[in-house]
Amino acid sequence: MSTPKSDRVSASKSATEGRGETFYQGPSRTQLGAYPPKERWDDWVELDSRAWPRRVERHYLLVPTTCFNCESACGLLAYVDRETLEIRKFEGNPEHPGSRGRNCAKGPATLNQVKDPDRILCPMKRAGRRGENRFERVSWDEALDDIAGRIRKAIAEKRNNEVMYHVGRPGEDGYTERVLAAWDVDGHNSHTNICSSSGRAGYQWWMGYDRPSPDHANAELILLISAHLESGHYFNPHAQRVMEGKAKGAKLVVFDVRLSNSATHADHWLAPWPGSEPAILLAIANHLIQEDFYDREFVRRFWNWQEFMEAERPKQTASFEAFEKELKKLYAEYSFGFAERESGIAAGVIQEIARLVAAAGPRLSTHNWRSAAAGNLGGWQVTRTLFLLNALMGAVGVPGGVFPNAWNKFVPKPIHTPPHPHQWNELTWPQEYPLAMNEMSFLLPHFLKDGRGRIEVYISRVYNPVWTNPDGLSWIEAITDESKVGLHVALTPTWSESAYFADYVLPVGVGSERHDLHSYETHDAQWIGFRQPVLKAARARMGREVKDTREVNPGEVWEENELWIELSWRIDPDGAMGIRKHFESKTKPGAKLSVDEYYGFIFTHSVPGLPDQAKTHGLTPLEYMRRFGAFEVTRNVGAQHTARVPKSELEDVERTPQGRVYSRAEKPVSPNIVPVPSPDPDAVGRRPVGIEVDGQVVRGFPTPSGRLEFYSATLKAWGWPEYALPSYIRSHVHPQRLEPGEVPLIPTFRLPVQIHTRSANAKWLDEIAHTNPLWIHPIHAATLDLETGDLVRVETRIGHFVVKAWVTEGIRPGVVACSHHMGRWKLEGPGQRQMMATVSLRREGTRWLLRRERGVEPFESADADTSRIWWTDAGVHQNLTFPVQPDPVSGMHCWHQAVRVTRALPEDRYGDVSVDTAKSREAYAEWLKLARPAAQSSPDGTRRPYWLLRPLKPGREAYKLSGSTPPRA
Ligand code: SF4
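Residues numbered from 1 in each chain as written. Predicted model: local features only at pLDDT ≥ 70, side-chain atom pairs only at ≥ 80, totals over all residues. Heavy atoms only, no water.

Re the site of the ligand
The condition is simple: Throughout this document, a residue counts as near a molecule or strand when at least one of its heavy atoms sits within 4 Å of that molecule or strand. Charged residues are taken to be Asp, Glu, Lys and Arg, nonpolar residues to be Ala, Val, Leu, Ile, Met, Phe, Trp, Tyr, Cys and Pro, and polar residues to be all remaining types, Gly included.
In the region of the ligand, the neighbouring residues are C67, N69, C70, S72, A73, C74, N103, C104, K106, G107, F235 and N236. Tallied by class, residues from the shell around the ligand come to six nonpolar, five polar and one charged.

This is the structure:
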């Protein structure tokens, strides 16, 4: 698309020149000189490429929003045609501090999702049996009255735990959690335990925060255990900073069993045996320790070494020098030779990486996301041992190092803050997993089959548990049983495998059709991003008011914010239940809260600096966010653990012998009380304010000790003393645990242009990536006489799937891999046709066979491109054949599988999936036995350490164990 000359002149005028480069003037501060200057966003002119060779001008309103296709929430600019009010394209928003005007392919593909000819445009109600895939149109009123009535009845009858909301990637910071809190239900269920919870757990045990914010751009060494450049956490924002770091001379080390796109950019690519990553990291740590290459002062000041010495070496003096001697002994066994034997990586290579780590000093940025942490039993030790390197090198809270996520994230206070729920839901937080990072969501079908409870209203929200979770056929069995699930409501922008098993399918908006607010740890700064319905914002800019997003969205597509407010009013129409008040206007008492008031309040009262910034543009804070889409709250946040605690907080304080400082004279009821965002009155008055370091009180970390917890007294106290220190747990796919003929299957990766259910309704992405062959090394393939394209049968513990082989040297020999974003399917009837194969689903008792009847085909629609679809493949749905494998500590599903790979049998057809759910039950029972339930392990009669993070944290009373033991499988 060409740019009229006049605009090019404006663009360069609005940019600054420096070092021969052109920089966009705005928070991105990067080379974006060609972006439309924001002064012209009301009338940006481009030539219509389709009119070529004629010069036809198109006039656009440029309206910001944020991408909804992954958790990064990159800024987008919608190009809204001023004449037709049609969205013509999406590009990056240069005003967004995280993504800085850049996007991956999925961002611009939002346009495909808006225009998808198969999208769900109106509320649908089941017309046949649940799962029969027959639906009829229904009004929003009818659907919401039914749903609200059932929720109201459940709450009125004190069956609050029968209301469950199950979310995929939320893409927002806390809105829906507050809705659930207002209803007083502990009904939040997330996908996190099939995604990132083991990764999070390793960080949480160290620092009380569950994610890192690595400063890749300023690092000397970037160490990634993840395909971070193409699919890692904060994918595009991090990827561009990794490349920035590399451009400045940083070395890049990537651990990945596959030659990922990230590995292709690495200076050192290591493909270790799956699950052996901690052995390598510990060998590197040992090198730093034995050679005294670590930052002694940092360790002395900020590790809880004193607690370790007092608890574990009581006969010794708890001096730092004595601890250092112990440290050398503790890790001496992790030699380079040991790491080589475990990982298959040559000791010399590991030694070379160790030298790079030592040389980087504090400029060591590291990240693990999903990957090895998500694949293996004990995967949380991957991040615990990875962060050990940062903690040794003092590479925490310094340029080029790693910051805790919360320092680089800003979550403003909302207009209403309902109290935390009074219940504890054992269907999501069962007693067996007191230390689980997140809800045990993937075990829900088994818990329902155990008879541990039932669900009256199950709301899956932009989530597809049948397809995304392991053991999907157990999900189908559970959610089609109306005695277990009274009503299934699917809130979704597109058809999904789970929506077929719903009673109501309710269309919600994609990234340009909804409001959400978010902030993520993309770098050492804090920002907020505003997702908004762009056609509402465009009309507002033209002076037209839109009351309800259904007025501007396609069909009857509704945004969720308005939907939740409306649903809550219908649950409590007269306010008698105490729910409605949390959804009422503050300026017009008794009236319904509007989304404009909700966000207007936040932007005016809760975001420092935003009102002033808005004023300089002659805008209200809400108008500013509608116009620019993002705001940088602060930058260069820097170290927070060393911040001095002000004198005003240090009057009448209490100090423990280990230097933990509490705000009041009352003795803390438990050393585990740390500052957590909780209105719990018990915690008030006993707030820990910091730690004493060399005679000064500084903030420290939100762990029980206030320091970085090399030694976790919590893990020890809750039944896992053997893992109190960063250590190595042999994976369930360790060679010693595999049966003869078994090999590990790696299913934890994806290609950069697809991301689960969210992206399959995007034709550009589907054309690029639509299959998931089995990666197999030539040496391995030769033993099976396999060539690329041959059909193979992959047998898991509960069934098998049939897929095509891809013979490639890009995988470690003896390991196979299959990406997890493919294998979408639909039953006969409605569905998403450009990326879903049509299948039959047959059941005989507990045995299921899913068979592909037809591949993807071209079809006629309002979009001429659908008649040009040339691909037939949609991949194979491998997750159905995976049993549940919960890690007993983190609760994470351990994704890697021990499988047998053979040539396909004569009766096999491509895409076949066969599963016996009786075997799923056996696997579930076996893994459950690894757990150490709170009833036996809790040191204080509670269900869970109070200081641990938990979404929608209930009140303290709910933490008490009831004394009842849940039924066993
Ligand atoms: S899908 Fe791509 S553009 Fe969208 S938020 Fe994620 S990284 Fe950014």
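Alright, that's what it looks like, and here's the rest.
What about the environment of P608?
Quick note on the threshold: Working definition: helices are DSSP H or I runs of at least four residues, strands are E runs of at least two. Numbering for both runs from the N terminus. Throughout, a contact is declared for two residues whenever any of their heavy atoms are within 4.5 Å.
Checked against the element boundaries, P608 lands in the loop between α22 (595-605) and α23 (610-616). Taking C-alpha positions, P608 is 40 Å from A266, a pair spaced 342 residues apart along the chain. For P608, the residues in contact, after removing those within four places along its chain, are F410, F631 and V633.

Brief notes about the sheet that holds strand β25 (residues 688-693)
Rules: Think of it this way: DSSP has to see at least two bridges between two strands before they count as a pair.
Ordered in space as β23-β24-β25-β26, the four strands form an open sheet in which the pairing is antiparallel. With partners counted over all chains shown, the strands left at the sheet margins are β23 (654-655) and β26 (696-698), one partner each. Sheet topology places β23 next to strand β24 (residues 660-662); two bridges connect them, and they run antiparallel. Paired with R655 across the two strands is V661, which belongs to β24.

Overview of the confidence of the model for the protein
Let me state the cut-off plainly: What pLDDT conveys is the predictor's confidence in a given residue, as a value from 0 to 100.
A residue-level look at the protein finds 93% of positions with pLDDT of 70 or above and a mean pLDDT of 92. The model gives residues 665-685 a pLDDT under 50, and that stretch makes 42 contacts with residues more than four places away or in other chains.

With respect to the nonpolar core
Among soluble globular proteins, nonpolar side chains are generally buried collectively. Stated precisely, the cut-off is as follows: Here, the term nonpolar core denotes a set of buried Ala, Val, Leu, Ile, Met, Phe, Trp, Tyr and Cys residues that are joined through side-chain atoms within 4.5 Å. Exposed residues in this analysis have more than 50% of their type's maximum accessible area, buried residues have under 20%, and partly exposed residues fall in between, with area computed by a 1.4 Å probe over protein chains only.
Grouped together as the largest cluster of nonpolar side chains are 71 residues, with contacts concentrated most on W303, F323, L708 and F710. When residues in this core are grouped by element, the largest group, nine residues, is from helix α9 (residues 277-290). With residues near it in sequence (within four places) discarded, W303 still touches W206, F298, F323, L327, L388, A391, L392, R707, L708 and F710.

Some thoughts on the sheet that holds strand β12 (residues 221-225)
Two orientations exist for strands paired in a sheet by backbone hydrogen bonds: parallel and antiparallel. What counts is decided by this rule: Axis lines are fitted to C-alpha atoms, over the contacting stretch for helices. Their N-to-C directions set the angle, which ranges from 0 to 180 degrees.
Strand order in this open sheet of four strands is β14-β13-β12-β15, and the pairing throughout is parallel. Two strands close off the open sheet at either side, each with one partner strand: β14 (268-270) and β15 (364-368). Neighbour-to-neighbour, the strand axes of the sheet open up by a mean angle of 10 degrees, direction not taken into account.

Brief notes about the packing of helix α4 (residues 175-183) against helix α21 (residues 560-571)
This is how the line gets drawn: Angles below 35 degrees are treated as roughly parallel, those above 145 as roughly antiparallel, those between 65 and 115 as roughly perpendicular, and all remaining angles as oblique.
Where α4 meets α21, the closest approach of the two axes is 11 Å, and the angle between their N-to-C directions is 5 degrees. The angle between α4 and α21 places the two elements in the roughly parallel class. For the pair α4 and α21, the contacting residues are Y175, T176, V179 and W183 in the first and N561, W564, I565, L567, S568 and I571 in the second. When grouped by side-chain class, the residues that make up the contact of α4 with α21 number seven nonpolar, three polar and no charged.

Re helix α13 (residues 336-343)
So the rule is basically this: Here, the arc refers to the directions that run from the helix axis to the C-beta atoms.
Where α13 is concerned, the buried positions are F336, F338, A339, E342 and S343. Projected onto a plane normal to the axis of α13, the buried residues spread over an arc of 155 degrees and lie on a single side. The inward-facing, buried residues of α13 abut α9 and α14 (347-360). At the exit of α13 stands G344, carrying a positive phi of roughly 80 degrees.

Observations regarding the packing of α9 against α14
Rule in force here: Should the near helix be turned anticlockwise from the far one by less than a right angle, the crossing is left-handed, and should it be turned clockwise, the crossing is right-handed.
Their axes nearest at 9 Å, the elements α9 and α14 cross at an angle of 55 degrees. Comparing their axes, α14 and α9 come out oblique. As for how α9 packs across α14, the hand of that crossing is right-handed. Of the residues in α14, those touching α9 at I280, A283, I284, H287 and L288 are I350, I353, A354, V357 and A358. When the residues that make up the contact of α9 with α14 are grouped by side-chain class, the tally is nine nonpolar, one polar and no charged.

Concerning the side chain of S759
Within the fold, S759 resides in the loop between β27 (743-746) and α26 (763-768). Setting aside residues no more than four positions away along its own chain, S759 makes contact with K106, Q113, V753, Q754, L765 and D766.

Describing the packing of aromatic side chains
How we decide: When two rings of Phe, Tyr or Trp (its six-membered ring) have centres within 6.5 Å they constitute a pair, described as stacked for plane angles under 30 degrees, edge-to-face for angles over 60, and tilted for the intermediate range. Whether a charge sits over a ring comes down to the Lys NZ or Arg CZ being within 6 Å of the ring centre and within 35 degrees of the ring normal.
Counted according to the given criterion, the structure contains 48 aromatic pairs. Seen from their ring centres, Y331 and F710 are 6.3 Å apart, and the 55 degrees between their planes marks the pair as tilted. With a gap of 379 residues between them, Y331 in helix α12 (residues 320-331) and F710 in the loop between β26 and α25 (713-717) connect regions that are remote in the sequence. The positively charged end of R580 is found above the aromatic ring belonging to W569, 4.1 Å away from the centroid. A cation over a ring is seen here: R950 above W424, with NZ or CZ 4.8 Å from the ring centre.

Topic: the pattern of salt bridges
So the rule is basically this: Each reported salt bridge corresponds to a side-chain nitrogen of Lys or Arg within 4 Å of a carboxyl oxygen of Asp or Glu.
Scanning the model with the defined rule gives 83 salt bridges in all. As a salt-bridge pair, E566 and R570 come within 2.8 Å of each other at their nearest N and O atoms. Pair noted here: E566 and R570 are both in helix α21, with a separation of four residues, about one helical turn. On the basis of relative accessibility, which here comes to 14%, the residue E566 falls in the buried class. Connected through salt bridges with shared partners, the residues D146, R150, K153, E157, R159, E162, R454 and E456 form a single ionic network.

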